[in-house]
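Observations on the three-dimensional arrangement
Here is how the chains run, residue by residue.
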Amino acid sequence: MLKHVTGWLAGLSLPASTLAAPPFPLTKTAAEWKALVSPAAYGVLFEHGTERAGSSPLNGEKRPGTFVCAACQLPLFDAAHKYESGTGWPSFWQPLAGALGTSTDYKAFYPRTEYHCSRCGGHQGHVFGDGPKPTGKRYCNNGVALAFVPKEQALPALRT
């Protein structure tokens, strides 16, 4: 516990530039993102918010397909890797290769692994070590940060 508190306190003492997100291949201004996504999606994706558990229709989505980033439309998860975690958020045991980046988040006063879209940096959720085999991971995603594309539909073009 002391290790976690010490890490959190150390994070608070770092200058803001040290904590800044790395550059991502796709960057837009806040106004540009706000014109492309809903206010709720913007709050999660770019202000690191969290939607209320059980509020996303994507939690019940069971069709074959692909979950893409709601901001830039990068494919993030195959629906075959989705499972019911009982948390109230869409959960996956594995992302698509190269789709996500991670960082450490101390907002809950202990370190958590946050993950984001590797293309636009949009916050998606947190990954935990209590998922099913074969990975043992639970990628707990905000549904509002995703869009679902059924298998029979073409994936949308990536936003530029």
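Residues numbered from 1 in each chain as written. Predicted model: local features only at pLDDT ≥ 70, side-chain atom pairs only at ≥ 80, totals over all residues. Heavy atoms only, no water.

What follows concerns the confidence of the model for the protein chain. Averaged over all residues, the pLDDT of the protein chain equals 88, while 86% of them reach at least 70. Here residues 1-20 is a poorly scored stretch, pLDDT under 50, and it has eight contacts once near neighbours within four places are set aside; other chains count. (pLDDT = per-residue confidence, 0-100. Contact = heavy atoms within 4.5 Å.)

For the coordinates displayed, the defined rule picks out eight aromatic pairs. The interplanar angle of 40 degrees and the centroid separation of 5.5 Å between the aromatic rings of Tyr42 and Phe46 together place this pair among those described as tilted. The exposure class assigned to Phe46 is partly exposed, which follows from its relative accessible area of 21%. Members of the aromatic cluster, each reached through a chain of ring pairs, are Phe67, Phe77, Phe92, Tyr115, Tyr139 and Phe148. (Phe/Tyr/Trp six-rings, centres within 6.5 Å; stacked < 30°, edge-to-face > 60°. Buried < 20%, exposed > 50% of the residue type's maximum accessible area, 1.4 Å probe, protein only.)

Next up on the list: the pattern of salt bridges. Tallied over the full model, the rule gives three salt bridges. For Arg138, the salt bridge is made with Asp130, and the minimal N-O distance between the two is 2.8 Å. (Salt bridge = Lys/Arg side-chain N within 4 Å of Asp/Glu carboxyl O.)

The final tally for this structure, using the stated rule, is zero disulfides. No disulfide involves Cys69; its sulfur sits 3.7 Å from that of Cys120, the nearest cysteine. The exposure class assigned to Cys69 is buried, which follows from its relative accessible area of 0%. Among the cysteines around Cys72, which has no disulfide bond, Cys117 carries the closest sulfur, lying 3.5 Å off. (Disulfide = S-S within 2.5 Å.)

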